[in-house]
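Secondary and tertiary structure notes
Chain by chain, the residues run as shown.
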Amino acid sequence: MLIDSHCHLDRLKAAPDHQSLSKVIGNATENGVEYMLCVNVRQQEFKLMQEKVAPFPQVFLSSGVHPLDVESGLDDNMLLESARHERVIAVGETGLDYFYSPETKELQQDCFERQIALSLKVDKPLIVHTRDARDDTISMLKNGNADKVGGVLHCFTENWEMAKAAIDLGFYISVSGIVTFKNAGELRSVIRKVPKDRLMVETDSPYLAPVPHRGKENQPAFVRDVAEFVAELRGEKYQDLIEYTGENFFVLFKTANRLK
Ligand SMILES: [Zn+2]
Ligand SMILES: [Zn+2]
C-alpha cells in the first residue's frame, strides 16, 4: 500500500480551492496513493488545514510547530487539544534546524522539548525534522524518553551514524525525493542500509519534487516516483517496498484507522 507519509496539502497552490485540492488528491489516488499524512507546521494554521482535508478520509493529520516556525509560538494547551483530535495521528513536525536558523537554536530546543513531552501525554508518535543538529536531536529524544512513543525522522538527509542512533531508539527513517537528486550519493548509501521494518517514503510536497518532476510543484502523487526509485536502489520489487513501508506506517501511527 503506497502512502505519502509526509506532505503539506494546505501549502499547495491548489489548497485554497476545494475543487483543485480534490484534483490533487484524485491524482494521488490514480497513482496508487492510498493514504497521506498532512503535516502541520504552525498552530495558527491547524484549524484551516483540518477543515480543508476533512472531506478526504484517506488524509491523516499531525499537529505541531516546525523548528523554522518557532517564532509563531507554541501554546501547550492548544497543542494538547489539537493533538487529541481523532484524525491527528502524530505530534509534529518538530525538531531542530541549525542549518537555516541557527539564531533560534534555544527557542527550537525549548519547543522541541515541550513537544516531546506532549507526545508522551497524548501517546502519539513524533514527526521530527532535523538538519545540522545530529547530536542535539538524538540526545533530546533520549532525554525526553521519546522512545516510549517513537516517531520518524522525516525527509532524512543525515549520515548512517545518525540513522542508526534513531533506529536504536525505535524511530523510523522516512525518505523524500531528495534521494533522487544527482548530488545525493551519500544519502543513497544510507537508505540502502535502513532495515525494511524502519523505512517509510514521503514527498514533503509542495517542496522537493523528485526526478523526473524537478522544477514542478511537488504533490502526493509523486511519492510513487520516490518509491520506485528507492525500490530500485535497494534491489527490491516496487510492490514489496510499498507493502512493507505501508505496514510500517500503520505500526508506527497506531491510531490511524484504515478505511478498509
Ligand atoms: Zn521538515
Ligand atoms: Zn514537512
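Residues numbered from 1 in each chain as written. Chains lettered and ligands numbered in written order. Predicted model: local features only at pLDDT ≥ 70, side-chain atom pairs only at ≥ 80, totals over all residues. Heavy atoms only, no water.

1. Quick word on the coordination of the zinc ion (ligand 2)
Looking at the zinc ion (ligand 2), the protein donor atoms are His-6 (NE2), His-8 (NE2), Glu-93 (OE) and Asp-204 (OD), and they sit 2.0 to 2.6 Å from it. For the zinc ion (ligand 2), the 4 donor atoms in the first shell make angles of 83 to 173° at the metal, so the coordination geometry reads as irregular. Each donor residue of the zinc ion (ligand 2) lies on one chain, and together they are spaced H-x1-H-x84-E-x110-D. (Donors = N, O, S within 2.8 Å, 3.2 Å for Na, K, Ca; no water. Tetrahedral: all angles 85-135°; square planar, octahedral: opposite > 155°, others 65-115°.)

2. A look at the coordination of the zinc ion (ligand 1)
Coordination sphere of the zinc ion (ligand 1), protein contribution only: Glu-93 (OE), His-129 (ND1) and His-154 (NE2), at 2.0 to 2.2 Å. Of note, the zinc ion (ligand 1) draws all its donor residues from one chain, in the sequence arrangement E-x35-H-x24-H. The distance between the zinc ion (ligand 1) and the zinc ion (ligand 2) comes to 3.5 Å, and Glu-93 binds to both of them. Taken together, the residues span a long stretch of sequence, with Glu-93 in strand 4 (residues 88–97) and His-154 in the loop between strand 6 (151–153) and helix 6 (160–168) at a distance of 61 residues. Here the two residues Glu-93 and His-154 agree in accessibility, since each one is buried. (Helix = DSSP H or I, 4+ residues; strand = E, 2+ residues; numbered from the N terminus. Buried < 20%, exposed > 50% of the residue type's maximum accessible area, 1.4 Å probe, protein only.)

3. A few points about the pattern of salt bridges
Inspection of the entire model under this criterion finds 12 salt bridges. Arg-42 is the salt-bridge partner of Glu-45, the closest N and O atoms lying 3.9 Å from each other. Here Glu-45 falls in the partly exposed class, since its relative accessible area comes to 24%. Across the pair Arg-134 and Glu-158 runs a salt bridge whose closest N-O atoms are separated by 2.5 Å. One end of the pair, Arg-134, is in helix 5 (residues 134–143); the other, Glu-158, is in the loop between strand 6 and helix 6, and 24 residues separate them in sequence. Under the relative-accessibility criterion, Arg-134 is labelled partly exposed at 32%. (Salt bridge = Lys/Arg side-chain N within 4 Å of Asp/Glu carboxyl O.)

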